[in-house]
Amino acid sequence: MTAHLPVLIVVLPLAAAVAVPLVALAFPKAAFAVACLALAAAGVASCAALSHVLAHGTLRYELGGWAPPWGIEYVVDPLSGGMGALITLIAVCVVVYAGPRANGGSAARSGMFHSLFLLLVTGLLGIVLTGDMFNLYVFLEISSLAAYALLASGGIRGTVATFRYLIVGTIAATFYLLGTGYLYALTGTLNMADMAARLTAVVDARAYGVAVVLTVIGLAIKAALFPLHGWLPDAYTYAPAPVTGFIAAVMAKVSAYALFRVLYFVTPAEGASAQALMLLGWVSVIAVLAGSILAMAQQDIRRMLAYSSVGQMGYIVLGFALGTPAALIGALLHLFGHAVMKGCLFLVVGGIQWRTGIYKISDYAGMGRRMPLTMAAFVVAALAMIGLPPTLGFFSKWYLLSGAVEARAWLFVAALVLSSLLGIVYFFRVFEFAYLKTPEAGQGTPPRQELPLHMLAPILVLTAAVLVFGLLNQQVVGGIIRHALPGALAP
Amino acid sequence: MASLSIFFQVLIVVCAVAVVFTHDLLAAVAIFGAFSFFSAIYFAILGALDVAFTEAAVGAVITTVFFVTAIFRTVRRTKR
Amino acid sequence: MSRYPLLAVLVSLLAAGAILLSDRRPNVREAWTFVAAAVKFLLVVSMLPTVLAGGVIEATYAELLPGWSLHLRADLFGLIFALLASGLWILTSIYSIGYMRAGHYTHQTGYFASFAVCLSATMGIAFAGNLITFFLFYEMLTLATYPLVVHDRTEEAVAAGRKYLAYTLGAGQLLLLALVAVAVLAPGESFQPGGFLMGKAPLGVLGLVFVLGLIGVGAKAAIMPLHGWLPAAMVAPTPVSALLHAVAVVKAGTFGCLRLVHYVFGVDLLRAMGADTVLAVAAALTILLASVRALGEQNLKRRLAYSTVSQLSYIVLGAALGSTAAVAGAMFHIVAHGFMKITLFFCAGAIYIKTHKLEIPDLAGLGRQMPITFGAFTLGALGLAGTPLCVGFVSKWNLGMGALQSGQAVFLAVFVASGILNFAYFFPIIYTAFFGRPGQAIRFDEANPALWAPLAATAVVSLILGIYPNAGLQFYHLAWTAAESVMAGAGQALAGGGMP
Amino acid sequence: MKAVTWVVFALAAGVLFYAASDLPRVGDVESPASVHVSPRYIAKSHDETGAPNFVTGVLADYRGYDTLGETTVIFTAGLACLLILGVRLGAGGDDE
Amino acid sequence: MRTPFGSAVLDAACRLFVPFVLIFAVYVVAHGHDSPGGGFQGGTILAAAVILIRLVHGQDAMWGLTRVGALRLACGGVAVFAGIGFLSLLFAGNYLDYGVLPLPLETVKVRVVGTLGIEVGVAMAVTGVLVLIFDALTAWGEED
Amino acid sequence: MWENVSGYLNYWLAAVLLLIGLYGMLGQPNLVKKLMAMNILQVAAILFFIALAEKTGATAPIEVKGLHDVGAYVNPLPHALMLTAIVVGVSTTGVALALLIRIHRHFGTLEEPEILERMRL
């Protein structure tokens, strides 16, 4: 069975996604259980695959029994296996958080919601595990379409934001597709490994440069890298809480992962991809600072977090651009860490909005007393975002910093430090309101309104993950991330 | 053959431009259907029969029907 | 035994959890504080014999970064700080309970919990075996102190909190940079007496790293011009000012400074970089300027704050002078200043609770009404000024000797001048209190015993330590042994001399 | 917005026309795409998959998984439309 | 559409036309193997037929596809496709490796059967979904 | 001269369509127009791939009895890929139209500036 794990990780949620609407029609109560079970099963499968990969080396799977490059190949290496485990972990948390009555109550609607959520997870897992450029496109579209639907399932503002996202996202996908077309024209293959081997011969072609540019722009739009982030803040702000929680946590991250895959595993190290990385480095410095500054200017906490994501994507891409082992470890650890932290933050903010209707930072007064556990989770995750020890955020920042110091990229160092300071400013503003300000005089102390258990538990799990993985970061780094580095840099 | 290709290429571009610049949306949809149809024919000329068939069925029929439906549900003319 | 440092750290952390859980029962809550304080003190004291015998108690836990684990180690120098902080926590706990109840403060649960976390962080700093462990607890201390600074929730408190965070977290980022640089230059090194960075990089690079690190710890140590947060933070309740702003937090800064200078860089390297002079001059200027600023403050707590700024730089100056006597004096001054300054702050708190007055002219005549409080205040003030038979004299003597040993007699003048300035800004207070004419007819008497007992105790201790510096916990011996170990490998042998 | 549009437009135009002349000529029999992977589809599709229509052979068998993805895409689109427009499924309206 | 374009002429044309369309669709699906066409194209044509019926007769046409039916068809189509994949897993092949299915035929023929199976699945899914999308787009004011 | 140009004509056609599509998507204020432009964009990508598949003198990739030469058939792989791409296109269009109808239901207009104006209120 181990041999089939790669495909099971993806196909189990897919099968459940097909089953859930049918189940919801027949047994409305069971649909949620099916979704949870499928995601849990996918989680177990991806963890099993990951541990197998760490013990026995990369797992390759020929879909349909056709050997690559003729057929499609799934590749579970430590990197993709780790991403798979991450996605399923957060997906399980979010689906529990969403609960059986997600999105408006009626069983059929909730069934569709869960089905689309499963499809989103399927798409992201497919992107992560595939070893084929075109298959990546197909799964990118699955995840995008599911994301459009979920993002728009909130209010009308969310719908408008989603429409804009759809337009930009389609441009991105088309750019990626064209980039793949160029690469195919140059190599005649779609398999990533095969393509990597054949690309070395054509590094000097102009078309190769264009291929890299198109692919990178496509994926950078999806990853919301400044200045291509325009779609992100509105989309994140107006979507239902579980959706934002999940999408903010992993979706842009998966695109960043794809960017990493392409630039480090497909394109040769010299030539256009090196130039693209250099350019991305400068862009990401601006992204880090601009994201933080824009976050500071926001009054709506969801927007603040959204812009903070823009900045944090800059961290990740910055690490890719530096390209030293430490910086790549930092970027990948941050990929992982930011997913957990931002997921946690958005779940908290969404939960608070669901419970109290509050989403303005200035209305957070007294929130520390009203929802002590929830706000405590927020504080921990926010401190991790700032990068204070012993949270996960600190360690990823550490690696990024040491990578930048090693590479003598002082501007990058300065950007990282400055953005931490800005992070302190915008997060402590929230803390001040939540803990130090009291709500309007005369209303008395508001009652405690802690979230229900099924929403609180995932938040606390993610909070614990921020701390535990922080303290155990060496296990993650040494056990997984070091092995995930591209060939020349791996130990 | 070359002249046939060029004829359709020109048609495709003309239709595409017309789609983008027509103010009456229903007319634009009609032109869009034509655009899909011509591109289907052009695909057939290039030997891609399956793609041509699909493009004809999807682009010229289904997508157009969807657009028409949507336009009936919304507004027919653009403001500018 | 090797678990004791970790236990000492964890005990108050656990207590913080327990305190939060017993939110509704103040007596249980405060019982937790006491139990934790007592257990912590016993744990720390029980390590004393081993360390005095020349041993080091250490243990490493989870690896945090390549080569750098969570490394806790009780060595001579660390133990001095740990003993001081844990010992004073007991007294401060008594005082806090009296103070917070008498002052009808709200949010007391959060207060005691934060306090406990602060103590954990302080223990962690004292026992940190390497830079990453140090940094971890250092940032933890910053965060745990923030709720205490903003405890009053007033505009002023919030503004002070912001200022505090801006200084300490900002400096923390620079310290982080220094850490990253050290990690790149000498991966995985633990603190070593005499330092470990010599020859790892060109002097210029090391100098930059030193400056970054110094700013990092210097902000907490309130070296001018990084001292701005300390007077502002005086809006916190007085026990906070007493233990944290006079002992734990700022001492963590100076402690870090000593660690950085003598356990990471080493005196020789410092001299090679020429950083010792720079540091010494900065410290000397801070001593003098802060004393002058103190003269100008009319608020008692703020005057004490500037006095703290000035006194802390004694320690930094001692570290910079880099002779055995100076380093021993600096280390002993951590203890000495701790006892004296906490006495003074306790007094200020007692006065405030009783009279709600902190402006110095308003204190007129109070000395006769509150003799214990002002008697203790006088003892503390005399000690800070360096009067013989007070504990301040012991450290100052050593520091002065150290200045002579390292051939920089000019700094002896600084110490003398500062002593005079100390008299200058303390004498008016004492004079006003005892001989001033009360402005109004209301008579005050001594505050309740929970307030005056601790301050009397610390005053007495500071007197005893002034006469027998080795009494009780052998602080003086610890300081000398630690200083000798630090200076053992130094190029120019400067050992010897000093007080008997 | 307008400025952004024109910048994107100019960049895309430049990039595309810049590269086009460097690609294999349309119809080139020796282009990488013609000689690397695809010959097997043409030569063996009938024998290996039983499909004389090579496109079907590739679509449904060699790259059948892409087609599963494609089907999933359209399935996703269907559900998405239902969710977005809040369409009730049953003829009687409420399916609670 | 609540307001179908119903008229006698249209109705008759529809009755005449639709059966042929259906047969053509089945042909397209079945013959995808050796001529252009396949599940997707066939499904599209089927959907076009159903949509035609919807246009002429309105939502409550006697014959045609209900919404729930369309949803079931869509789910069922994907399920058929994915299920064939799981079947091949069950018989010790890789996912979607039709060759291993236990049919009394030579391997290539088994593959043909498998391919046909998934074409049918695709056709079902496409029909169902396109009808669903059409219904969604035309559902006047039914939103909750 | 003609020989030089004709070899790349299809790429240029694709590029022109891409640009028209991009212009329509980013520059047109009407949402329906944007979607039509999106479809044009997708046709551009499809055309590009189909052009890649082309071989001079080759026939459609359906086996003709007795003709087994690889060079005799155009490359079937891009065709298969583009079938998928077309499906993706129609799916995206469907979802986008659903969004658009919902937007119209609320705002009563499909002009982007007007919608943004009303959202600001």
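### Here's the deal with the overall build of chain D
So, step 1. Broken down by element type, chain D carries five helices and zero strands.
So, step 2. For chain D, the sequential pattern of α-helices and β-strands runs α-α-α-α-α.
So, step 3. Computed over the C-alpha atoms, the radius of gyration of chain D is 23 Å, more than 25% above the 12 Å expected from 2.2 N^0.38 for a compact globule of 96 residues.
So, step 4. Expressed as lengths along the three principal axes of its C-alpha atoms, the size of chain D is roughly 60 × 55 × 15 Å.
So, step 5. Evaluated residue by residue, chain D yields a buried proportion of 64% over its 96 residues.
So, step 6. Within the structure as shown, chain D displays about 3100 Å² of accessible surface, and the carbon and sulfur contribution to it stands at 63%.
So, step 7. Charge-centre separation for chain D: the mean point of 6 positive side chains lies 7 Å from the mean point of 11 negative side chains.

### Quick notes on the overall build of chain C
So, step 1. Along its length, chain C carries 19 helices and two strands.
So, step 2. The principal-axis extent of the C-alpha atoms belonging to chain C is close to 70 × 50 × 40 Å.
So, step 3. Sorting the 500 residues of chain C into buried and exposed places 64% on the buried side.
So, step 4. Long-range contacts, defined as pairs at least 24 residues apart, comprise 81% of the intrachain contacts of chain C with a sequence gap of at least 6.
So, step 5. For chain C, the accessible area works out to roughly 15500 Å², and carbon and sulfur atoms hold 68% of it.
So, step 6. Between the averaged position of the 26 positive side-chain charges in chain C and that of its 18 negative side-chain charges there is a distance of 6 Å.

### Comments concerning helix α2 (residues 25–45) of chain B
So, step 1. When the terminal C-alpha atoms of α2 of chain B are compared, their 30 Å separation across 21 residues agrees well with the 30 Å that a helix rising 1.5 Å per residue should span.
So, step 2. For α2 of chain B, the set of buried residues is Leu25, Ala28, Val29, Phe32, Gly33, Phe35, Ser36, Ser39, Ala40, Tyr42, Phe43 and Ile45 of chain B.
So, step 3. Among the structural elements, α1 (2–21) and α3 (49–73) of chain B together with α2 (9–27) and α3 (31–53) of chain F are those in contact with the buried residues of α2 of chain B.
So, step 4. N-cap assignment for α2 of chain B: the residue whose side-chain oxygen lies 2.9 Å from the backbone N of Leu26 of chain B is Asp24 of chain B.
So, step 5. Remark: Gly47 of chain B follows α2 of chain B within two positions and exhibits a positive phi of approximately 95 degrees.

### Some details on the arrangement of the chains
So, step 1. There is a gap between chain C and chain D: no contact, and a shortest C-alpha distance of 37 Å.
So, step 2. In this view chain C stays clear of chain E, with the nearest C-alpha atoms of the two still 41 Å from each other.

### A word on the nonpolar core
So, step 1. Counting 565 residues, the largest nonpolar core has Phe246, Phe378, Trp398 and Phe427 of chain A, Tyr65 of chain D, Tyr95 of chain E together with Leu17 of chain F as its most contacted members.
So, step 2. In terms of residues, this core owes the most to one element, helix α13 (residues 324–355) of chain C, which gives 21 residues.
So, step 3. Split by domain, the residues of this core number at least three in each of domain 1 (1–131) and domain 2 (132–484) of chain A.
So, step 4. Discounting residues that sit within four places of it in the chain, Leu17 of chain F has contacts with Ile12, Ala16 and Phe35 of chain B together with Ile40, Val43, Ala44 and Leu47 of chain F.

### A closer look at the interface of chain F and chain A
So, step 1. With 37 residues of chain F at the contact, the number on the chain A side is 31 residues.
So, step 2. Carbon and sulfur atoms supply 83% of the area buried between chain F and chain A, which totals about 3000 Å² over both sides.
So, step 3. It is Leu99, Arg102 and Met119 of chain F that lose the most area in chain F upon contact with chain A, and together they represent 20% of the buried surface on that side.
So, step 4. Summed over the shared surface of chain F and chain A, the result is one salt bridge.
So, step 5. Arg164 of chain A is the partner of Glu112 of chain F in a salt bridge, and the nearest nitrogen-oxygen pair spans 2.9 Å.
So, step 6. Taken together, chain F and chain A are joined by five residue pairs in polar contact (both at pLDDT 80 or more).
So, step 7. Breaking the side of chain F that touches chain A down by element, the ones donating at least two residues are α2, α3, α4 (76–107) and α5 (112–120) of chain F.

### Points about the pairing of strand β1 (residues 57–65) of chain C
Residues and elements named next belong to chain C.
So, step 1. Bridge count for β1 against strand β2 (residues 68–74) is six bridges, and the pairing is antiparallel. Note on β2: the bridge partner recorded for Leu65 is Trp68.
So, step 2. In textbook terms, the turn of a hairpin is the stretch between consecutive antiparallel strands, and for β1 and β2 this stretch comprises two residues, one of which, Gly67, has a positive phi near 85 degrees.

### A short note on the confidence of the model for chain D
Residues and elements named next belong to chain D.
So, step 1. For chain D, the average pLDDT comes to 82, and 91% of its residues sit at 70 or higher.
So, step 2. Mean pLDDT per element in chain D: helix α1 (residues 2–20) is the minimum at 76, and helix α5 (residues 64–85) is the maximum at 93.
So, step 3. A low-confidence stretch, residues 91–96 (pLDDT under 50), is modelled with ten contacts involving residues beyond four sequence positions or located in other chains.
So, step 4. As scored by the predictor, the complex reaches a pTM of 0.92 and an ipTM of 0.90.

### Some remarks on the packing of α13 of chain C against helix α19 (residues 475–487) of chain C
Residues and elements named next belong to chain C.
So, step 1. As a packed pair, α13 and α19 sit with axes 8 Å apart at the nearest point and diverge in direction by 145 degrees. Judged by the sense of rotation from one axis to the other, the crossing of α13 with α19 is right-handed. For the pair α13 and α19, contact is made by Thr324, Ala325, Val327, Ala328, Met331, Phe332, Val335 and Phe339 and by Phe475, Tyr476, Ala479, Trp480, Ala482, Ala483, Glu484, Val486 and Met487, respectively.
So, step 2. Within the contact of α13 with α19, the residues separate by chemical class into 15 nonpolar, one polar and one charged.

### A closer look at helix α7 (residues 203–220) of chain C
Residue and element names in this part refer to chain C.
So, step 1. Here α7 contains 18 residues, and its C-alpha end-to-end distance of 26 Å stays within 8% of the 26 Å for a straight helix at 1.5 Å per residue.
So, step 2. Listing the buried residues of α7 in full gives Leu206, Gly207, Val209, Phe210, Leu212, Gly213, Leu214, Gly216, Val217, Gly218, Ala219 and Lys220.
So, step 3. Looking at the residues trailing α7, positive phi occurs at Ala222, about 60 degrees.

### Thoughts on the interface of chain A and chain D
Interface size is commonly expressed as the accessible area that is lost once the parts come together.
So, step 1. Listed by partner, the interface residues are 54 residues for chain A and 38 residues for chain D.
So, step 2. Roughly 4100 Å² of surface becomes buried between chain A and chain D when both sides are summed, with 70% attributable to carbon and sulfur atoms.
So, step 3. For chain A, the biggest contributors to the area lost against chain D are Trp66, Trp70 and Arg206 of chain A; these three give 21% of the whole.
So, step 4. The interface formed by chain A and chain D includes one salt bridge.
So, step 5. For the interface between chain A and chain D, the tally reads nine residue pairs in polar contact (both at pLDDT 80 or more).
So, step 6. For the side of chain A that touches chain D, the secondary structure elements donating two or more residues are α1 (5–26), α4 (107–129), α5 (133–152), α6 (156–187), α7 (192–199) and α8 (206–222) of chain A.
So, step 7. Here the element with the most residues in the side of chain A that touches chain D is α5 of chain A; it accounts for eleven residues.
So, step 8. Here the side of chain A that touches chain D is composed, by residue class, of 37 nonpolar, ten polar and seven charged.

### Side note on the environment of Trp231 of chain A
Residues and elements named next belong to chain A.
So, step 1. Inspection of the secondary structure assignment puts Trp231 in the loop between α8 and α9 (232–237).
So, step 2. Judged by its relative accessible area of 6%, Trp231 is buried.
So, step 3. Residues Trp231 and Ser115 lie 116 residues apart in sequence; the distance between their C-alpha atoms is 24 Å.
So, step 4. Look past the residues within four positions of Trp231 in its chain and what remains in contact with it is Tyr165, Val168, Ile221, Lys222, Ala224 and Tyr236.

### Quick look at a nonpolar patch on the surface
All names here are of chain C.
So, step 1. A contiguous nonpolar patch, built from Leu389, Val460, Leu463, Ile464, Ile467 and Tyr468 and spanning about 560 Å² of accessible area, is present on the exposed surface.
So, step 2. Structurally, the position occupied by Leu463 is in helix α18 (residues 449–467).
So, step 3. Overall, the relative accessible area of 32% leaves Leu463 in the partly exposed class.

### Brief notes about the state of the cysteines
Residues and elements named next belong to chain C.
So, step 1. This structure, assessed with the given rule, holds zero disulfides over all chains.
So, step 2. With no disulfide of its own, Cys347 lies closest to Cys390 among cysteine sulfurs, the gap being 13 Å.
So, step 3. For Cys347, a relative accessible area of 0% gives the class buried.

### Concerning the pattern of salt bridges
Residue and element names in this part refer to chain E.
So, step 1. Taken as a whole and assessed by the stated rule, the structure comprises 20 salt bridges over all chains.
So, step 2. Note that Arg54 is salt-bridged to Asp135, the shortest N-O span being 2.8 Å. Of this pair, Arg54 sits in helix α2 (residues 39–57) while Asp135 is found in helix α4 (residues 107–138), placing the two residues 81 residues apart along the sequence. Residues Arg54 and Asp135 agree in their burial class; the two are buried.

Cut-offs applied
Residues numbered from 1 in each chain as written. Chains lettered and ligands numbered in written order. Predicted model: local features only at pLDDT ≥ 70, side-chain atom pairs only at ≥ 80, totals over all residues. Heavy atoms only, no water. Helix = DSSP H or I, 4+ residues; strand = E, 2+ residues; numbered from the N terminus. Rg over C-alpha atoms; globule rule 2.2 N^0.38 Å. Buried < 20%, exposed > 50% of the residue type's maximum accessible area, 1.4 Å probe, protein only. Areas by Shrake-Rupley, 256 points an atom, 1.4 Å probe, with all protein chains shown as cover. Lys, Arg positive; Asp, Glu negative; His and termini not counted. Charge placed at Lys NZ, Arg CZ, Asp CG, Glu CD. Contact = heavy atoms within 4.5 Å. Expected span 1.5 Å × (residues − 1). Polar contact = N/O pair within 3.5 Å; in protein donor to acceptor, adjacent residues only side chain to side chain. Core = buried A, V, L, I, M, F, W, Y, C linked by side-chain atoms within 4.5 Å. Domains from an automatic or database assignment. Buried area = accessible area lost by both parts, 1.4 Å probe. Salt bridge = Lys/Arg side-chain N within 4 Å of Asp/Glu carboxyl O. Pairing = 2+ DSSP bridges. pLDDT = per-residue confidence, 0-100. Axes fitted to C-alpha atoms, helices over the stretch in contact; angles between N-to-C directions. Left-handed = near helix turned anticlockwise from the far one by under 90°. Nonpolar A, V, L, I, M, F, W, Y, C, P; charged D, E, K, R; others polar. Patch = residues over 30% accessible without salt bridge, like charges linked within 9 Å, V, L, I, M, F, W, Y side chains within 5 Å. Disulfide = S-S within 2.5 Å.

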